[in-house]
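# Analysis of the macromolecular model
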Amino acid sequence: QLQASGGGLVQAGGSLRLSCAASGSIRDINAMAWFRQAPGKQRELVASMPNSEITTYADSVKGRFAISRDNSKKTVYLQMNSLKPEDTAVYYCNARILRSSSYIYVGYWGQGTLVTVSS
């Protein structure tokens, strides 16, 4: 399972740090990512780490958000700075996990954490 945390209410220009930890018997995690879904909109990719070396970002968050991961803690982070009201959404983490009892990677979703940015 994936457990996300760190959402909340913040004023425009503020910062938040989201965390998402994987639990259970895990052999390996490859890709980890953050998505978001605003009211009435489709879920969109915000940032991803296909591996520990590569990061990708949506154009709307480049220069403001930073994704990172701690493989020893099986955790992915999203540092969000200079937040804007349009960043308001439920943020979901996603990871492709190889369980100890399996031979294939399976994608898992976290439960979502709400980020609200007031103007």
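The following refers to the structure shown. Predicted, not measured: the structure shown is a model, and the values here were computed from it.

### Quick word on the nonpolar core
Trp34, Val46, Phe65, Leu78, Met80 and Tyr91 are the most contacted members of the largest nonpolar core, which totals 30 residues. The set of elements that each furnish at least two residues to this core consists of strand S1 (2-5), strand S3 (16-22), strand S4 (26-37), strand S5 (44-49), strand S7 (65-70), strand S8 (75-80), strand S9 (89-99) and strand S11 (113-118). Element by element, the count of residues in this core is highest for S9, at 5 residues. Tyr91 has contacts with Leu18, Trp34, Phe35, Arg36, Val46, Phe65, Leu78, Met80, Gly112, Thr113 and Val115, leaving out every residue within four places of it along the chain.

### Overview of the state of the cysteines
Going through the model one piece at a time under the given rule, you end up with 1 disulfide. Disulfide pairing places Cys20 opposite Cys93 at an S-S distance of 2.0 Å. With the S-S bond torsion at 55°, the cross-link from Cys20 to Cys93 turns out right-handed. Linking Cys20 in strand S3 with Cys93 in strand S9, this pair joins segments that are 73 residues apart in sequence. Judged by relative accessible area, which is 1%, Cys20 ranks as buried. On the accessibility criterion, Cys93 (0% relative accessible area) is buried.

### Re the pairing of strand S10 (residues 105-109)
Bridging between S9 and S10 involves 5 bridges; their strand directions are antiparallel. Along S10, the bridge assignment pairs Ile97 with Val106. From the end of S9 to the start of S10, which pair antiparallel, there are 5 residues.

### Points about the pattern of salt bridges
The full count for this structure, using the stated rule, is 4 salt bridges. Of the charged contacts, one joins Asp87 and Arg64 as a salt bridge, the two residues approaching to 2.7 Å between their closest N and O atoms. On the criterion of sequence distance, the pair formed by Asp87 in the loop between S8 and S9 and Arg64 in the loop between strand S6 (56-57) and S7 is long-range, its members being 23 residues apart. On the basis of relative accessible area, Arg64 is assigned to the buried category, the value being 10%. Through salt bridges with shared partners, a single network forms among Arg36, Glu44, Arg64 and Asp87.

### Considering a nonpolar patch on the surface
A surface patch of nonpolar side chains, about 370 Å² in accessible area, is lined by Tyr103, Ile104 and Val106. Judged by relative accessible area, Ile104 falls into the exposed class, the value being 54%.

### Observations concerning the packing of aromatic side chains
Scanning the model with the defined rule gives 2 aromatic pairs in all. Seen in terms of ring centroids, Phe35 and Trp109 are 4.9 Å apart; in terms of plane orientation they differ by 65°. Their pairing is edge-to-face. Taken together, the positions of Phe35 in strand S4 and Trp109 in strand S10 put the pair 74 residues apart, joining distant regions of the chain. For Trp109, a relative accessible area of 41% puts it in the partly exposed group. Look at Tyr92 and Trp109: their rings are 6.4 Å apart centre to centre, the planes differ by 90°, and that puts the pair in the edge-to-face class. On the criterion of sequence distance, the pair formed by Tyr92 in strand S9 and Trp109 in strand S10 is long-range, its members being 17 residues apart. For Tyr92, a relative accessible area of 16% translates into the label buried. Taken together through their ring pairs, the aromatic side chains of Phe35, Tyr92 and Trp109 make up a single cluster.

Definitions and cut-offs
- Residues numbered from 1 in each chain as written.
- Predicted model: local features only at pLDDT ≥ 70, side-chain atom pairs only at ≥ 80, totals over all residues.
- Heavy atoms only, no water.
- Core = buried A, V, L, I, M, F, W, Y, C linked by side-chain atoms within 4.5 Å.
- Buried < 20%, exposed > 50% of the residue type's maximum accessible area, 1.4 Å probe, protein only.
- Helix = DSSP H or I, 4+ residues; strand = E, 2+ residues; numbered from the N terminus.
- Contact = heavy atoms within 4.5 Å.
- Disulfide = S-S within 2.5 Å.
- Pairing = 2+ DSSP bridges.
- Salt bridge = Lys/Arg side-chain N within 4 Å of Asp/Glu carboxyl O.
- Patch = residues over 30% accessible without salt bridge, like charges linked within 9 Å, V, L, I, M, F, W, Y side chains within 5 Å.
- Areas by Shrake-Rupley, 256 points an atom, 1.4 Å probe, with all protein chains shown as cover.
- Phe/Tyr/Trp six-rings, centres within 6.5 Å; stacked < 30°, edge-to-face > 60°.

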